[in-house]
Amino acid sequence: MKSIVSNNEECFFCKTTRNLHLHHIYFGPNRKISDKNGFTVYLCAYHHNMSNDSVHSNRKLDLNLKKYCQIRYERKHTREDFIQLIGKSYL
Ligand SMILES: [Zn+2]
Ligand SMILES: [Zn+2]
């Protein structure tokens, strides 16, 4: 499914269009659920996993993105729906 966060082919953080990776916002065991529900976003390599400012290294950045995505999801669904999918609320 298309991303519910942004369909722009640019890094969510710095807006570059170079070296993009598709990141699963709730990764690990929730990767497939993220795919199915559009909990994905484009990130440049730097912001994805190639620096200390990347979502895979910086816990705070990771949580901010998780919260943002949940807010977007809850525009059209309930918090219970979200918890059913991901197992917990980040808000
Ligand atoms: Zn970036
Ligand atoms: Zn990732």
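Quick note: structure is the one above.
One structure accompanies this document, and this report is about it. Given the structure is predicted, the values throughout are model-derived calculations rather than measurements.

## Regarding the environment of Arg-79
- Position of Arg-79 relative to the elements: it lies in helix 4 (residues 79-86).
- For Arg-79, a count of 12 C-beta atoms within 10 Å corresponds to the exposed category.
- Residues Arg-79 and Cys-11, spaced 68 residues apart in sequence, show a C-alpha to C-alpha distance of 27 Å.
- When residues no more than four places from it in sequence are discounted, the contact partners of Arg-79 are Glu-74 and Ser-89.

## Regarding the environment of Met-1
- The residue Met-1 is located in the segment before strand 1 (20-24) in this model.
- Here Met-1 falls in the exposed class, since 10 other C-beta atoms lie within 10 Å of it.
- Note: C-alpha distance between Met-1 and Tyr-42 (41 residues apart in sequence) is 14 Å.
- In contact with Met-1, not counting residues within four places along its chain, are Lys-36, Asn-37 and Gly-38.

Procedures and definitions
- Residues numbered from 1 in each chain as written.
- Chains lettered and ligands numbered in written order.
- Predicted model: local features only at pLDDT ≥ 70, side-chain atom pairs only at ≥ 80, totals over all residues.
- Helix = DSSP H or I, 4+ residues; strand = E, 2+ residues; numbered from the N terminus.
- Buried ≥ 20, exposed ≤ 12 C-beta atoms within 10 Å, placed from the backbone.
- Contact = placed C-beta atoms within 7 Å.

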